[in-house]
Each structure stands twice: as structure tokens, then as C-alpha cells.
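This is what each chain is made of:
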Amino acid sequence: MKTLILAGGSGTRLFPLSREHYPKQFIPLVDDESLFQKTVKRALLFSSPQEIAIVTNTDHRFLVRDQLAAIGCDCRVLVEPVGKNTLPAIYYGAREITRDDGPDTVAVLPSDHLITAAGQFRDAFRRAERLTKDYLVVFGVRPTSPHTGYGYIRPGEPLGDGSLVDAFVEKPDIETAGHYVADGYLWNSGMFCFDAGLFLAECEACAPEVARAFEQPIQEAYGATPALSIDYGIMEKTRRAAVVPLECDWSDVGNFDALYAALQKNGSGNAVRGEHIGIDSSENLIIADRLVATVGVRDLAIVETKDAILVAARDEAQRVGEIAKALREKG
Ligand code: GDD
Ligand code: MG
């Protein structure tokens, strides 16, 4: 199986760890490996290095190559002239990666997720592979809250180890998301598995303006294509989608609260990367190179880098994204 890893996005909710030039996927968030490096290692569970391609942009291509070298994986890096969201990235990648050997099964992995159970992850792809002759397969995660940053999938009639997708709704509002959780919808994990030929045909049918743009050389194609995600561009429209459940711990580490949840906690419920002395301090996230001492505080995120310190209430962690905007306005 071929694997495409999407590594062109930028996250703003993990400031000051993530920056435009150093987005979330490249940060060693939970240990010494970045989420991107962990993703490459997961891809190696079912693809050889020659079968893996990374799709990234000009700003991050050297970072990608450095991080690949550090884990000894010599795979192909496809550089987009400009980021146009995930559909053009997947279209470009799926076409390139199958150009020499003809259509093949392709796994698409975002590079900004944390998945701990490698065996269950690999099994889910094995199950998905059996459905790719007729369906674009998406991996569904059981929701834990009405999160508005995810796509929602209504599973329909059973199909092999999965189900037909009855409906796919990308990023609904909070009220709708609440109904979906109650009605048994699944979150879209953002990972896909499909036959490249079927994917390109569905793109032609659902997002012809993207397929048409890619009839030109790459530079022109990226000039012409609209910016569109696979979720809005294809998944909401296609009738040929199937969902396979992903039964393992999965997090897109979207903010410091999610990072806190993913990290190990000490006896006081603090998740600490670095050194911490806490007096009556519990359930805090602390990341710093220097000693951090706290007295009488709980549920905070305290994050220090070389040039900035963030102190935030963990339950407001989603709002850390507002800092990027404030910084841009400050100039
Ligand atoms: N090469 C490339 N080019 N990669 C990109 C681009 C681009 O223009 N834009 C985003 N990516 C990469 C990101 O780095 C990430 O690894 C992945 O594609 C998904 O993009 P995000 O921007 O992180 O998407 P999202 O989190 O808002 O939403 C998607 O993921 C959710 C699960 O985490 C959707 O698929 C949702 O439906 C899904 O629930
Ligand atoms: Mg994401």
C-alpha cells in the first residue's frame, strides 16, 4: 500500500510551541519525536519507505527532510508551490505516487495526530483495504464531546468490517454537533484509504474545478485550483464512502487541553515536561526548560519557550489561537 502524509498545515492553538515556521506536526510534543515523525513510523507499518510520500510546502521542506533523516527514513517529498488545503495536496500526491506503477491503494495520513495503539491502527487499515475496490474509506472515531473542529459521519448499512457513510458533515456548529453525538455519529479522524483511480474519478465528479486545474503543470495547477479540503470537496458529496471504526486512542492534539489529556500525569494530576515544584497545585500542564514553581494553582497551562511564556486556563485553551491574530495586529 502507498501512503501519503499531509504535512503542509499550520496550527495556531499551541502557541508559543507552534509558530508559522514551526507548526504543530514538527514539534516533539509528547516525547523526543515529533507527531510527523511518529506518523512516518506508523506509515512504515504498512508501506515501505519507497511507497511513502510526504506532501508539504516550500517553507517546511527542509524541516521535513531533517526530521526524516533523524529517523532514517528516506522517502519522497512532494513540495507544493502554495498550500491550497487538503484536496489539492491529496490529488497531487495520489497522482504522483501511483504514476509509475498504475492505480494502487493509497492511505492518507494527517501528520498532526497522536495515536498510541499501533496494532489497532494497522488492523483498521487492513479492514479498510478490503473495501477500497468500491469505496473511499474514512476512519471513524467515537466522539467524546460535541467538538466543532471535526467532521461527523452517520454510519449506514453495514459493509464488510465497516458501514456505508449515510451522511458526512464537516465542522458543524455546536448545537448540531451535540445532536450528532447523541445520534451516534462518529468523528472523522481525517485519515483515508482508497484506490487512487476511484479517488481521482470521484474528484472529477465532486470537485471538477480541482481535477481540471491539475490537467496543467504543477505550478499552473496550484495557481488555478481553489483552496478546498477533501472533507468539503469530496466527503460531503460522494455517495461512495464507507467508514471503518478506529478503536484506539486518537487525539489531534488540537490545543493544550488535548495535550494535557494525552500526557502522563503525576500524583497531583500535573502533566510536566521539565522540572516543577508545586505547592497545592494540581491538574496543570507545565512545559518549560527551566524550573517552574507554582503555589495554589490548578487547571492551568504554563508553557515556556526561548522567547515567550504562555499562562492560560486549560478550559480556555481553544482561545490560544487568538494570540496569533493579536501578534499579527501588533506587527
Ligand atoms: N500538504 C498540505 N497542504 N497539507 C495540508 C494543507 C495543505 O495545504 N492543509 C492542511 N494540511 C495538513 C495538515 O498539516 C494536517 O496534517 C492535515 O492536512 C489536516 O489538516 P488540518 O488543517 O489539520 O484539518 P482539520 O484538523 O481542521 O480538519 C480535518 O481533520 C479533522 C481530524 O483532525 C478534517 O478532515 C476533519 O473532518 C477531521 O475531523
Ligand atoms: Mg488537524
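The numbers attached to residues start from 1 for each chain and follow its sequence in the written order. The order in which chains are written sets their letters, starting at A; the order in which ligands are written sets their numbers, starting at 1. The predicted nature of this model means local features are confined to residues of pLDDT at least 70 and side-chain atom pairs, given and counted, to a pLDDT of 80 or more, with totals for whole chains, interfaces and linings taken over all residues. Heavy atoms throughout the structure, all of them, feed into the side-chain values; hydrogens and water do not.

(A) Spotlight on the pairing of strand E4 (residues 105–110). In terms of burial, E4 is a largely internal element, six of the six residues being buried. Under the scheme applied here, a residue whose accessible area is under 20% of the maximum for its type counts as buried, over 50% as exposed, and between as partly exposed, the area being computed with a 1.4 Å probe on protein chains only. Put simply, DSSP marks the helices as runs of H or I at least four residues long and the strands as runs of E at least two long, and each gets a number from the N terminus on. In E4, alternate side chains face the same way, and those of Thr105, Ala107 and Leu109 on one face and Val106, Val108 and Pro110 on the other are all buried. Where strand E1 (residues 2–6) lies against E4, five bridges are found, and the strand directions are parallel. Its bridge partner lying in E4, isoleucine 5 is registered against leucine 109. Sheet analysis places E4 next to strand E9 (residues 186–195), joined by four bridges and oriented antiparallel. Bridging from a neighbouring strand, alanine 107 pairs with cysteine 193 of E9. When DSSP finds two or more bridges between two strands, those strands count as paired.

(B) Just a nonpolar patch on the surface, in detail. Exposure above 30% relative accessible area and the absence of a salt bridge qualify a residue for a patch, where like charges join within 9 Å and nonpolar side chains (Val, Leu, Ile, Met, Phe, Trp, Tyr) within 5 Å. For the area figures, the Shrake-Rupley method with a 1.4 Å probe applies, and any residue is considered shielded solely by the protein chains shown. In what follows, salt bridge is the name for a side-chain nitrogen of Lys or Arg lying within 4 Å of a carboxyl oxygen of Asp or Glu. On the surface, a cluster of nonpolar side chains totalling about 380 Å² of accessible area is made up of Ile277, Ile279, Leu291 and Val295. Mapped onto the elements, isoleucine 279 comes out in strand E13 (residues 276–279). A relative accessible area of 46% places isoleucine 279 in the partly exposed class.

(C) Local environment of the domain arrangement of the protein. Domain start and end points were adopted from an automatic or database domain assignment. One can read the domain layout of the protein as domain 1 (2–251) and domain 2 (256–330). Inter-centroid distance (C-alpha atoms) of domain 1 to domain 2 is 29 Å. Facing the 15 residues of domain 1 at the interface are 20 residues of domain 2. Each of two parts loses accessible area, computed with a 1.4 Å probe, when they are put together; buried area is these two losses added. Summing both sides of the interface, domain 1 and domain 2 together bury roughly 1,400 Å²; the carbon and sulfur share of this comes to 64%. When the buried area of domain 1 at its contact with domain 2 is split by residue, Arg13, Phe15 and Pro16 rank highest and sum to 40% of it. Contacts are residue-level and defined by heavy atoms, with any inter-residue pair within 4.5 Å sufficient.

(D) Layout of the site of ligand 1. Residues are labelled near a given molecule or strand when at least one of their non-hydrogen atoms is within 4 Å of it. In the vicinity of ligand 1, 26 residues are found, and the nearest of them are Glu80, Glu170, Lys171, Asn188 and Asp231. Lysine 171 is positioned such that a nitrogen or oxygen atom in its side chain is 2.6 Å from an oxygen atom of ligand 1. Its free accessible area being 740 Å², ligand 1 has 86% of it covered by the protein chains. A per-element tally of the shell around ligand 1 places E9 first, with three residues. For this classification, Asp, Glu, Lys and Arg are treated as charged, while Ala, Val, Leu, Ile, Met, Phe, Trp, Tyr, Cys and Pro are nonpolar and the rest, including Gly, are polar. Its residues assigned to classes, the shell around ligand 1 comprises seven nonpolar, 12 polar and seven charged. Whenever a nitrogen or oxygen atom comes within 3.5 Å of another N or O atom, the pair is scored as a polar contact, on the condition that within protein one atom can donate a hydrogen and the other can accept it, and that pairs from neighbouring residues in sequence are kept only if both atoms are in side chains.

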